[in-house]
Every structure is written in structure tokens, then in C-alpha cells.
Amino acid sequence: MIDTHCHLADEVFAGDLDAVVARAKDAGLTGAVCILAAGDAGERVRAGRVRELWCHVASAIGVHPHQAHEVAGKPGQAEAWIRDAAAADLAVCAVGEIGLDYHYDFSPRDVQRDVFAEQLAVARAMGLPVVIHTREADEDTFAMLAADAQGLPGVFHCFTGGVDRARRALDLGFHLSLAGILTFPKATDLHEVAAFAPADRLLIETDSPFLAPVPFRGKRNEPANVARVAARLAELRGATVDTVVAQTTANALQLFSAQALARVDTPRASML
Ligand SMILES: [Zn+2]
């Protein structure tokens, strides 16, 4: 079982990271993708600590739409940060999370679009998949992916919404990653998506420290809780938990590259 989206290098985990990682392993996790904010030097240092404690953690790095204003007028800065991280010992397996957020609008929308487009190009040049964050920006997000991401593998992280929206993402070739929202009783649209989506296009995540699933809503989330997403997904698909875990793990390894997630000094078969 792989948590394909967590912010394990966030400072909120710094005090008890050992225990958080131990609980993840106890819960049956065999790996995780740690999302890093490009340009955040402190988080980068903590990411090294995460990988010391848990060698099956790979990294995704990118300039989040919230941060896009930080690189406005600095073409090449996002790329420089991503390439620098990829050259370091962080097992970079994706560019992300990148995209558009018109809910918070922390960066001007034209800047968000420019920075998103630049990073789609970087991902393509580096042969890496993308992790997409999009909020209240569907038309621009789908238009940009259709124009600039043809053939580029990737995932809509923390997918929300219904079957129509899911179909749009799937038609672009993207995976859907389901988070703790799936456990919310009122998320009926998402429940339909969980039952509808092709088995080979689904991933699971926590988005830790955010979005804790039932019964931990409002608390700090952590990778161990991805097991609850897997359990709910199994219920909704009428499948066994083992089946859902095997399928979503295979999907994660295929999308993010097994090598990055199993970048250890033991044989890579140990990953599974
Ligand atoms: Zn995130």
C-alpha cells in the first residue's frame, strides 16, 4: 500500500516523525510519495530526514499555485529548483504538486497559468509524470492539460467531484487519486467515481497533514490513514481490500516508477 501524496516533510511532523513513520509501516504501507514545495529550503532538509527513516519514500517537487507569485518574472527558476532536487538524493519521481487554485487566488491567475505551463514543459523534458492540484479552475486546467500535456502521464491529486469530471480527467489519460474525503458520508458524487473508475487508473493518498478521514476529521492526518481510504474504496467497488491495495499499489509503481520508490540498497523486489 502506497500513500501517493503526503507532505511528510512538513514541519508539523518534525517532532514525532519516527512515530509517524513507524505507524505507517505498521499499517501496511510499503512506500509513499512525499510532496515538496520547490524553493522551501527547510522542507528540503526535512525531506532528507524522512528518507533516512524510510527509504521507500520518493519525492515529488514543484511550485504550488499558491507559491507561483514567488517565481513571477523569474523564468527558469521553477525548472532550476526541480532539476536541483532531482540531482540530489531525494528520489524525485514526479513534478508536483502543480496546477491552478482559483479558490484562494494566492497568486494572480495569469502567473499561476504561466508557472503551471512552464512546469508541464519541465516534466516532459525530464520524462517525469505530473501531480495536479486544481481547485475551482476546471476549465483552465483541462484546457491547459489538453494543450500542453498530451501524452504526459499524471494524476489529479485529491480528486473530488462526480463522474463527469472524472471522465474528463480519464479522457486526458490521467489517473485519479482518492483521499480521505472518500470516507465522508456526504461525498456521494465521489463515491460514484470510486465505483465507476477503471481499476488501473486509481490511486490512494492521504494529503497528510490535511484532510484526515473519518473518524479523525479535523485532526492532523498521517500516512497510516491511507488504509482507511483503501478500505472505503474496497467497499464502494465491492472488492476485497487486498484487491484494491494490490491494484492501487501496482498503479502507483507504474506511474511513479518502481525504481524511485524502491531506491534502496536491497533488491527492488523487497518493495512489494
Ligand atoms: Zn498536497
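As the structure is a computational prediction, the values presented were derived from the model and not from experiment.

K.L.:
Tell me about the layout of surface pockets, and name the residues and values.
P.N.:
Its boundaries defined by the atoms lining it, the largest pocket holds a volume of some 890 Å³. Residue lining of the largest pocket: 34 residues in total, with His 64, Glu 97, His 133, Asp 207 and Phe 210 positioned closest to the centre. Listed by contribution, the elements that provide at least two residues to the lining of the largest pocket are β2 (31–37), α2 (41–53), β4 (92–101) and β5 (130–135). The leading source of residues in the lining of the largest pocket is β5, at four residues.

K.L.:
Mind laying out the environment of Asp 84, listing which residues take part and the relevant values?
P.N.:
Position of Asp 84 relative to the elements: it lies in helix α3 (residues 77–87). Taking the C-alpha atoms as reference, Asp 84 lies 18 Å from Val 33; in sequence the two are 51 residues apart.

K.L.:
Any details on the pattern of salt bridges? Residues and values, ideally.
P.N.:
By the definition in use, this model includes 14 salt bridges. Across the pair Asp 18 and Arg 49 runs a salt bridge whose closest N-O atoms are separated by 3.5 Å. On the criterion of sequence distance, the pair formed by Asp 18 in helix α1 (residues 17–26) and Arg 49 in helix α2 is long-range, its members being 31 residues apart. One salt-bridge network, held together by shared partners, links Asp 16, Arg 23, Arg 220 and Glu 222.

K.L.:
Tell me about the sheet that holds strand β6 (residues 154–156), residues and numbers included.
P.N.:
Taken together, the eight strands give an open sheet; going across it, the order is β1-β2-β3-β4-β5-β6-β7-β8, and neighbouring strands pair in parallel fashion. Single-partner strands in this sheet number two, and they are β1 (2–6) and β8 (202–204). Neighbouring strand axes in the sheet, compared pairwise and without regard to direction, differ in orientation by 25° on average. Across three bridges, the pairing between β1 and β2 is parallel. Paired with Cys 6 across the strands is Cys 34, a residue of β2. Strands β3 (57–62), β4 and β5 of the sheet are contacted by helix α4 (residues 109–126), whose axis makes an angle of about 160° with β4. The sheet contacts of helix α9 (residues 241–256) involve β1, β2, β4, β5, β6, β7 (175–178) and β8, and relative to β8 the element is tilted by about 100°.

K.L.:
Quick rundown of the pairing of β3? Include the residues and the values.
P.N.:
The buried fraction of β3 amounts to six of the six residues, a majority that puts the element mostly inside the structure. Where burial is concerned, the two faces of β3 agree: the one with Val 57, Ser 59 and Ile 61 and the one with Ala 58, Ala 60 and Gly 62 are both buried. Between the parallel elements β2 and β3, the chain passes through α2 in a crossover that is right-handed. In this structure, β3 lies alongside β4, joined through three bridges in parallel fashion. The residue bridging Ser 59 from the neighbouring strand is Val 92, located in β4.

K.L.:
Go over the packing of aromatic side chains with me, naming the residues and quoting the values.
P.N.:
Under the defined criterion, the tally for this structure stands at four aromatic pairs. Measuring from ring centre to ring centre gives 5.1 Å for Tyr 104 and Phe 106, while their planes differ by 25°; the resulting arrangement is stacked. For Tyr 104, a relative accessible area of 41% gives the class partly exposed. Phe 106 gets classed as partly exposed once you look at its relative accessible area, which sits at 48%.

K.L.:
Can you explain the state of the cysteines? Please cite residues and give values.
P.N.:
Counted under the stated rule, the structure contains zero disulfides. Left unpaired, Cys 6 is separated from the closest cysteine sulfur, that of Cys 34, by 5.5 Å. Of the residues examined, Cys 6 reaches a relative accessible area of 0% and is grouped as buried. Looking at the unpaired Cys 93, the closest cysteine sulfur is the one in Cys 34, lying at 10.0 Å.

K.L.:
Account for α1, naming residues and giving values.
P.N.:
All buried positions along α1 are accounted for by Leu 17, Val 20, Val 21 and Ala 24. Taken end-on, α1 shows its buried residues confined to a sector of 95°, consistent with a single buried face. If you follow the buried residues of α1, they end up packed against α2. Within two residues after α1, Gly 28 carries a phi angle of roughly 100°, on the positive side.

K.L.:
So what about the coordination of the zinc ion? Which residues, and what values?
P.N.:
Reference values for coordination geometry: four tetrahedral donors around a metal ideally subtend 109.5 degrees, six octahedral donors ideally subtend 90 or 180 degrees. At the metal site, the zinc ion is ligated by His 5 (NE2), His 7 (NE2), Glu 97 (OE) and Asp 207 (OD), and these contacts range over 2.1 to 2.4 Å. In terms of primary sequence, the donors binding the zinc ion are separated according to H-x1-H-x89-E-x109-D. Taken together, the residues span a long stretch of sequence, with His 7 in the loop between β1 and α1 and Asp 207 in the loop between β8 and α8 (226–237) at a distance of 200 residues. For His 7, a relative accessible area of 12% translates into the label buried. Overall, Asp 207 belongs to the buried group, its relative accessible area being 8%.

Rules used in this analysis
- Residues numbered from 1 in each chain as written.
- Predicted model: local features only at pLDDT ≥ 70, side-chain atom pairs only at ≥ 80, totals over all residues.
- Heavy atoms only, no water.
- 1 Å grid on protein atoms, 1.4 Å probe; cavity = no way out; pocket = protein on both sides within 12 Å on 5 of 7 lines; lining within 4 Å.
- Points joined across faces, edges and corners; volume = space filled by probe spheres on them.
- Helix = DSSP H or I, 4+ residues; strand = E, 2+ residues; numbered from the N terminus.
- Salt bridge = Lys/Arg side-chain N within 4 Å of Asp/Glu carboxyl O.
- Pairing = 2+ DSSP bridges.
- Axes fitted to C-alpha atoms, helices over the stretch in contact; angles between N-to-C directions.
- Contact = heavy atoms within 4.5 Å.
- Buried < 20%, exposed > 50% of the residue type's maximum accessible area, 1.4 Å probe, protein only.
- Right-handed = clockwise from strand over helix to strand, strands pointing away.
- Phe/Tyr/Trp six-rings, centres within 6.5 Å; stacked < 30°, edge-to-face > 60°.
- Disulfide = S-S within 2.5 Å.
- Arc of directions from axis to C-beta.
- Donors = N, O, S within 2.8 Å, 3.2 Å for Na, K, Ca; no water.

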